[in-house]
Amino acid sequence: TVQIGTATRVKAEYAKTKTSEDGVSSQGDAKLAEIEHVSNGLFARAYYREQESAFGLGQLSSSLGATRKIGMDISKQFENRQSHRLSFYRDSDILNDVDSDVIDFRVEFDNLNWDAFAGYRYSKVSSEEEMAQQLLFGGSYGFFDQRLKLSAMHEQTISDKESELFPTKTTV
């Protein structure tokens, strides 16, 4: 990790594992690179993460192996307790050669006892012809000096195609 000035941080990590089980050995790599900038209510992070399927000591699910994620998160906090958040990324399943592209935008309002958000999500999986679009809504309210928080969120698909990654759902 290298700090550049007071507002920017660059981080790079590399890990390698080598395991042997029942006489069969395997080895895998994982890589991470990030650059992050925080100043005047602005947060921006660009990242690259990759993990080979043989990485780890056997504790990770095989469905998480051989993945690559490249993206950017940007948020801006305004003085009126409103914030705007934008995330866009490509999540790749390297073994199956499938890419998922996602864009997520939210407007959030934060008060002392409550918060609320509304947003939009676009997702497209390379193995499918159609894309999926969703409207996002949610909020929460804190009780007993924020020791108990009640929250609800709904993600509603508005396109003809329902996404396997992001189905219509309500969470309470």
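Small disclaimer: the values here were computed from a predicted structure and weren't measured.

Novice: So what's going on with the sheet that holds strand β5 (residues 67–77)? Which residues, and what values?
Specialist: Across the sheet, which stays open at both edges, the eleven strands sit in the order β1-β2-β3-β4-β5-β6-β7-β8-β9-β10-β11 with antiparallel pairing between neighbours. Of all the strands in the sheet, the pair left with one neighbour each is β1 (2–4) and β11 (169–171). Averaged over neighbouring strand pairs, the angle between their axes works out to 10° when direction is ignored. As paired strands, β1 and strand β2 (residues 8–21) are joined by three bridges and run antiparallel to one another. Opposite Val2, over in β2, you have Val10 as the bridge partner.

Novice: Please provide a residue-by-residue account of a nonpolar patch on the surface, values included.
Specialist: Nonpolar side chains collect at one region of the surface, where Phe109, Trp114, Tyr141, Phe143, Phe144, Leu148, Leu150 and Val172 lie side by side and expose about 840 Å² of accessible area between them. Elements represented by at least two residues in the nonpolar patch include exactly β9 (131–143) and β10 (148–157). Residue position: Trp114 is located in strand β8 (residues 114–125). Its relative accessible area of 35% is what places Trp114 among the partly exposed residues.

Novice: Before we move on, can you summarise the pairing of β8 with the specific residues and values?
Specialist: The pairing of strand β7 (residues 98–110) with β8 spans eleven bridges and is classified as antiparallel. By the bridge assignment, Val102 is partnered in β8 with Ser123. Taking the residues between adjacent antiparallel strands as the criterion, β7 and β8 are bridged by three residues. Bridge count between β8 and β9: eleven bridges; the pairing is antiparallel. Across the sheet, Ser123 pairs through a bridge with Ala132, a residue of β9. With antiparallel pairing between neighbouring strands as the criterion, β8 and β9 make up a hairpin whose turn holds five residues.

Novice: Before we move on, can you summarise the pairing of strand β6 (residues 82–93) with the specific residues and values?
Specialist: Here β5 pairs with β6 via eleven bridges, running antiparallel. Bridging from a neighbouring strand, Ile74 pairs with Leu86 of β6. Examined bridge by bridge, β6 and β7 share twelve bridges and lie antiparallel to one another. Directly across from Asp91, in β7, lies its bridge partner Ser100. Hairpin remark: β6 followed by β7, antiparallel, with four residues in the connecting loop; positive phi at Asp97, about 55°.

Novice: So what about the side chain of Thr157? Which residues, and what values?
Specialist: With respect to the helices and strands, the residue Thr157 is situated in strand β10. In this structure the side chain of Thr157 is engaged in a polar contact, spanning 3.4 Å, whose partner is the side chain of Gln134. A polar contact of 2.9 Å, which involves the side chain of Thr157, links it to the side chain of Thr168. Not counting residues within four places of it along the chain, the set of residues in contact with Thr157 comprises Gln133, Gln134, Glu162, Phe166, Pro167 and Thr168.

Novice: Just give me the short version of empty space enclosed by the protein, but keep the residues and values in it.
Specialist: The full count for this structure, using the stated rule, is one cavity of 30 Å³ or more. Quantified by volume, the largest cavity comes out at close to 30 Å³. Lining the largest cavity, in full, are Ser123, Lys124, Val125, Glu128, Glu130, Met131, Ala132 and Ser163. Where the lining of the largest cavity is concerned, the elements lending two or more residues are β8 and β9. Looking at the lining of the largest cavity element by element, the count peaks at three residues for β8. Of the residues that constitute the lining of the largest cavity, the class distribution is three nonpolar, two polar and three charged.

Conventions used here
- By convention here, each chain's residues receive numbers from 1 onward along its written sequence.
- The model is predicted, so local features are restricted to residues of pLDDT at least 70 and side-chain atom pairs to those at 80 or more, both for listing and for counting; the totals for chains, interfaces and linings are taken over all residues.
- With hydrogens and water excluded, all non-hydrogen atoms of the structure serve as input to the side-chain values.
- DSSP calls a pair of strands paired once it identifies at least 2 bridges connecting them.
- Helix and strand definitions follow DSSP, with helices as H or I runs of at least four residues and strands as E runs of at least two, each counted in order from the N terminus.
- Axes here mean lines fitted to C-alpha atoms, for a helix over just the part in contact, with angles spanning 0 to 180 degrees between N-to-C directions.
- Each patch is built from residues that are more than 30% exposed by relative accessible area and take part in no salt bridge. Like charges join if they lie within 9 Å; nonpolar side chains (Val, Leu, Ile, Met, Phe, Trp, Tyr) join within 5 Å.
- Here the Shrake-Rupley method, with its probe set to 1.4 Å, supplies the accessible areas, and only the displayed protein chains count as covering residues.
- Between Lys or Arg on one side and Asp or Glu on the other, a salt bridge is scored when a side-chain nitrogen of the former is within 4 Å of a carboxyl oxygen of the latter.
- Relative accessible area decides the class of each residue, using a 1.4 Å probe on protein chains only: under 20% of the type maximum gives buried, over 50% gives exposed, and in between gives partly exposed.
- As used in this structure description, the phrase polar contact means that two N or O atoms lie within 3.5 Å; if the pair is within protein, one of them must be able to donate a hydrogen and the other to accept it, and residues adjacent in sequence are counted only when both atoms belong to side chains.
- Residue contacts are counted whenever heavy atoms from the two residues lie within 4.5 Å of one another.
- Definitions used throughout: a 1 Å grid over protein atoms alone; a cavity as a set of points that fits a 1.4 Å probe which cannot get out; a pocket as an open set with protein on both sides within 12 Å along at least five of seven lines; a lining residue as one with an atom within 4 Å of a point.
- Grid points are joined across faces, edges and corners, and a volume is the space filled by probe spheres set on the points.
- For this scheme, ten residues count as nonpolar: Ala, Val, Leu, Ile, Met, Phe, Trp, Tyr, Cys and Pro. Four count as charged, namely Asp, Glu, Lys and Arg, and the remainder, Gly too, count as polar.

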